[in-house]
Amino acid sequence: MPVTIVAPAVLRAGEPPAFPGHRLSLAGPVCYLQSTLRLMTNKANAPAATSAAGLRGVFAASSSISDVNGERGELIYQGYNIHDLAKHSTFEEVIFLLWNKRLPTRSELSELEQSLRASYEVPGELIALMKQFPHEADPIDELRTAISALEFYDPNARDLSRESSVKTAIKLTAQFPTIVAASDRIRRGLDPVAPDGSLNIATNFLYMLKGEKPSEHDAHIFDICLVLHADHELNASTFTARVVAGTLADMYAAVTAAIGALSGPLHGGANTNVMKMLLEIGDLENVEPYIKKALAEKRKIMGFGHAVYKTEDPRATHLREFSKQAGESAGDSKWYEMSRKVEEVIFREKGLYPNVDFFSASTYYMMGIPLDLYTPIFAISRISGWTGHILEQYSDNKLIRPRAEYIGQRDVPYVPIDQRS
Ligand code: COA
């Protein structure tokens, strides 16, 4: 019999379930509920129910890939603290970690790097197709459409075995940067720059974008930005990817859907809007009146607040420093200083902390990256996490099919069209 699960009080992020025995498998999602569980039949006379709005605090999948502790401001990938990975690791090493649950040996890392580099190039047909896209198209939408089309050129796309899926994951992770850089150059009337298989993902992307090798400093900062954005537990786009993979649709379909979810301003779309806001504010003196007015008008300030973190997002700690360094190395700290002022005013007025998107905006701006590429850059990193979650979903699949709490009418008599007022 179908049941609706009602959580009168939802679990706070980071808390262990109060009653671990109460683990209900509901067509895929697993819900741990903090307090009394009420199971009720889905009948008209059932008691009024309160669902967890936006599924906050509901565990909807089991995963070892990453975990967020919102109270402590902690993020781990496969058990490793993000601060250690940001300090010591590389994006390629993190990709291996997310897909394989452990850090690679030197030879395993080298093998993965070789496979990724050998896959940088995209089919010529895809570049020809991208040249047909309208030049004013948003690059995140171009990426979504290109990834959907890329499936046509992979004869093994429907093979969902681990071996074949890892190959697809390598291909997707290697080709996201090529597609994003090519789409930017095409709209500027330039020829795409062929990928350089001697470079890592971060350096190769900046090279393909600008047509010249980036400084070591920029390439290093960018690499760590990719490490920081690689995975974030069951965020909206990752959940989307798992839902699609749960139907046993192929990896391209799951990733295409995930890009759609990422594009929204409440998710990955926030970073571009942060920079638009900073440009609109214009100078340091205008920060305080601008933010106060925006808050008085109940406008959301992009790059602040988080569904899980109740303290500083640990990724923002690194990005704040990168924004500072990027400003210093370009001899222009204006955007960093304005960002610090925005941070101060919002904390004073609302008690909100910056999230991953806030300082990444001024960091990328100082690196000369066009504003509307910030969200595709998020995707260049997050593809590693999406594919990790899709591999995990395929390995122990259950169709994800929750229930809706029906709030409409029942037993409504059908009125023929001519008799309706
Ligand atoms: N600016 C101003 N107020 C904000 C805010 C922001 N960025 N984020 C949250 N708030 C306020 C809300 O207005 C609300 O206040 P109220 O209770 O007085 O109405 C309260 O904080 C709770 O907000 P809510 O949107 O319900 O919290 P959430 O957990 O659902 O939201 C986000 C999480 C990320 C959607 C939200 O913080 C947001 O929209 N941030 C801006 C977009 C962004 O940066 N997204 C990237 C996330 S990594």
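Residues numbered from 1 in each chain as written. Predicted model: local features only at pLDDT ≥ 70, side-chain atom pairs only at ≥ 80, totals over all residues.

Q: Summarise the overall build of the chain; cite the residues concerned and give the values.
A: For the chain, the helix and strand inventory stands at 16 helices and seven strands. Across the 421 residues that make up the chain, the buried fraction comes to 43%. (Helix = DSSP H or I, 4+ residues; strand = E, 2+ residues; numbered from the N terminus. Buried ≥ 20, exposed ≤ 12 C-beta atoms within 10 Å, placed from the backbone.)

Q: Please set out the sheet that holds strand E5 (residues 66–69) residue by residue, giving values where relevant.
A: Here we have three strands laid out as an open sheet, ordered E5-E6-E7, and antiparallel in their pairing. Every interior strand has two partners, whereas the edge strands, E5 and strand E7 (80–81), have only one. Across two bridges, the pairing between strand E6 (residues 74–77) and E7 is antiparallel. Considered in E7, the bridge of tyrosine 77 is made with tyrosine 80. (Pairing = 2+ DSSP bridges.)

Q: Now, about the packing of helix H11 (residues 270–281) against helix H16 (residues 374–395): what can you tell me, with residues and values included?
A: In contact at an axis separation of 7 Å, H11 and H16 are set at 145° when each is read in the N-to-C sense. H11 and H16 meet at a crossing whose hand is right-handed. Judged by residue contacts, Asn271, Thr272 and Met275 of H11 engage Tyr374, Thr375 and Phe378 from H16. Taken together, the residues of the contact of H11 with H16 break down into three nonpolar, three polar and no charged. (Axes fitted to C-alpha atoms, helices over the stretch in contact; angles between N-to-C directions. Left-handed = near helix turned anticlockwise from the far one by under 90°. Contact = placed C-beta atoms within 7 Å. Nonpolar A, V, L, I, M, F, W, Y, C, P; charged D, E, K, R; others polar.)

Q: Describe the site of the ligand, with residues and values.
A: Lining the immediate surroundings of the ligand are 17 residues, of which Ala270, Ile301, Phe304, Gly305 and Ala307 lie closest. Here the shell around the ligand is composed, by residue class, of eight nonpolar, six polar and three charged. (Near = placed C-beta within 6 Å.)

Q: Report on unusual backbone geometry, specifying residues and quantitative values.
A: Of note, leucine 55 is a non-glycine position whose phi angle comes to about 55°, a positive value. Tracing the chain through its elements places leucine 55 in the loop between strand E4 (38–41) and E5. The exposure class assigned to leucine 55 is partly exposed, which follows from the 18 C-beta atoms found within 10 Å. One non-glycine residue, lysine 101, lies in the positive phi region at around 65°. Structurally, lysine 101 can be placed in the loop between helix H2 (91–100) and helix H3 (106–118).

Q: Can you tell me about the packing of helix H9 (residues 236–246) against H16, naming the residues and giving the values?
A: Interhelical geometry of H9 versus H16 gives an angle of 35° and a closest axis separation of 9 Å. Considering only the axes of H9 and H16, their crossing is right-handed. In contact with Ser237, Thr238, Ala241, Arg242, Ala245 and Gly246 of H9, H16 contributes Arg382, Gly385, Trp386, His389, Ile390, Gln393 and Tyr394. Of the residues contributing to the contact of H9 with H16, the split by class is five nonpolar, six polar and two charged.

Q: Before we move on, could you go through the pairing of E6 and cite the residues and values that matter?
A: Side chains Leu75 and Tyr77 of E6 all project onto a buried face; the interleaved residues Glu74 and Ile76 project onto a face where none is buried. Here E5 runs beside E6; their pairing, made up of four bridges, is antiparallel. Each residue of the ladder has a partner; that of aspartate 67, found in E6, is isoleucine 76. Count of turn residues in the E5/E6 antiparallel hairpin: four residues, of which glycine 73 carries a positive phi of about 65°.

Q: Can you lay out the environment of isoleucine 221 for me, pointing to particular residues and giving the numbers?
A: Examined against the element boundaries, isoleucine 221 turns out to sit in helix H8 (residues 216–229). A tally of 24 C-beta atoms within 10 Å means that isoleucine 221 is categorised as buried. Remark: the alpha-carbon pair of isoleucine 221 and methionine 367, spanning 146 residues in sequence, is separated by 9.8 Å. Among all residues touching isoleucine 221, those that are not within four sequence positions of it are Phe322, Gln325, Ala326 and Thr363.

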